[in-house]
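The primary structure of each chain is shown beneath.
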Amino acid sequence: MNETRVSRGVAVSSLADVIAIDGPGASGKGTLASRLAAALGWHLLDSGALYRVVGLIAQRRGIDFDDAESVAEAARNADIAFKDSAGTLPDASPIRVFVGGIDETDAIRSAEVEQPASRVAAVPAVREALFVTQQSFRRPPGLVADGRDMGTVVFPDARLKIFLTASVEARAQRRFEQLKDREASGSLRAPSDSEHENPAGSLDAELRAIRASTEARDERDRTRPVSPLLPAPDAVTIDSTEMSIDDVMAAVMALVQERGLGR
Ligand code: CDP
């Protein structure tokens, strides 16, 4: 098991190439990023996991998400480690996330952490606290970085920038299926009625609630003053609404080859 200790203030190699994959929630970024990193033998940064950890810590400690100083302090002091392990689900991220030595991968992936993550991510001091941490993942032979501002703010010199989108309906459906798969595998319980306002308990109501939550997060991520979710001017936008993950992977691999990246 390879371990990446999340560190601050380390010397960053400016030589390693970066592929940045940005886009809204459930657009398929995570799956594309892990497949691409595996295909190229490059490192992987799931930057959303860092914001999710800070959201989880704030939620557990009862910190007000708008209390910038307290959430930033939680971000600065968080003891986060990423460890590689074989995924148990098809296309699952191979990364396990440890906080203070405890495996919190399933906790940070749960539906309850989505809104807290997006709330703390809007705090400029939180983004500042995580900036160098994210850059420290840039090591030879290369890095595939997945998030919202990889190509615009964290790695503006990335050799390839992908902005992966899909319609909100397609994304809500994918997130719904992802949560069901995790629930079936036992790694996650289903979102409770209050989390997704699902009094009828029907799948239809659950899907509608996921869609509403996806739209709320999109709106907050797109309109925040710091690092809003936007394609970099030099990003290639791919709309995956009608594409399978294999189609997306093939399109991105063609760009990788065109630019002479990887092995
Ligand atoms: O997997 P999904 O796309 O749903 O979310 P994620 O990538 O795990 O990110 C969770 C939240 O963290 C997002 O809604 C953003 O608010 C925030 N985030 C961010 O602000 N900047 C990033 N580079 C990555 C995530």
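Residues numbered from 1 in each chain as written. Predicted model: local features only at pLDDT ≥ 70, side-chain atom pairs only at ≥ 80, totals over all residues. Heavy atoms only, no water.

Chemist: Any chance you could break down unusual backbone geometry for me, citing the residues and the numbers?
Modeler: A cis amide bond links proline 140 to the next residue, proline 141, at an omega of 5°. Within the secondary structure, proline 141 sits in the loop between α6 (124–135) and β7 (142–147). In this structure, alanine 26 takes a positive phi of about 60° despite not being glycine. The residue alanine 26 is located in the loop between β2 (17–22) and α1 (29–40) in this model. In this structure, serine 227 is a non-glycine residue whose phi angle is positive, near 45°. For serine 227, the location among the structural elements is in the loop between α10 (203–223) and β9 (236–239). (Helix = DSSP H or I, 4+ residues; strand = E, 2+ residues; numbered from the N terminus.)

Chemist: Quick one: what's the story with the site of the ligand, residue by residue and with numbers?
Modeler: The environment of the ligand is made up of 19 residues, and the closest members are Arg52, Arg127, Arg175, Arg217 and Asp221. Between the ligand and aspartate 149, the relevant distance is 2.9 Å, taken from a nitrogen atom to a side-chain nitrogen or oxygen of the residue. Looking at the shell around the ligand, the elements that each hand over two or more residues are α2 (47–61), α5 (114–121) and α10. Counting residues per element, the shell around the ligand draws most heavily on α2, which supplies four residues. A per-class count over the shell around the ligand returns five nonpolar, five polar and nine charged. (Near = heavy atom within 4 Å. Polar contact = N/O pair within 3.5 Å; in protein donor to acceptor, adjacent residues only side chain to side chain. Nonpolar A, V, L, I, M, F, W, Y, C, P; charged D, E, K, R; others polar.)

Chemist: Talk me through the nonpolar core; I want residue IDs and the actual numbers.
Modeler: Grouped burial of nonpolar side chains is what soluble globular proteins tend to show. Judged by nonpolar contacts, the single largest core of 58 residues is most densely connected at Ile19, Leu36, Leu45, Phe82, Val126, Phe155 and Val252. Ranked by the residues each element gives to this core, the list is headed by α2, at eight residues. (Core = buried A, V, L, I, M, F, W, Y, C linked by side-chain atoms within 4.5 Å. Buried < 20%, exposed > 50% of the residue type's maximum accessible area, 1.4 Å probe, protein only.)

Chemist: Give me the lowdown on the pattern of salt bridges, citing residues and values where you can.
Modeler: Throughout the structure, instances matching the rule amount to 21 salt bridges. Arginine 159 is paired through a salt bridge with aspartate 17; the nearest N and O atoms lie 3.2 Å apart. One end of the pair, arginine 159, is in the loop between α7 (150–154) and β8 (160–165); the other, aspartate 17, is in strand β2, and 142 residues separate them in sequence. Residue arginine 159 is classed as partly exposed on the basis of its relative accessible area, which comes to 37%. Where glutamate 169 meets arginine 211, a salt bridge forms, and the shortest distance between an N and an O atom there is 3.0 Å. Here the residue glutamate 169 occupies a position in helix α8 (residues 168–184), and arginine 211 occupies one in helix α10, the gap between them amounting to 42 residues. Residue class for arginine 211 comes out partly exposed when judged on its relative accessible area of 30%. Ionic contacts of the salt-bridge type, sharing partners, join the residues Arg96, Asp103 and Asp106 into one network. (Salt bridge = Lys/Arg side-chain N within 4 Å of Asp/Glu carboxyl O.)

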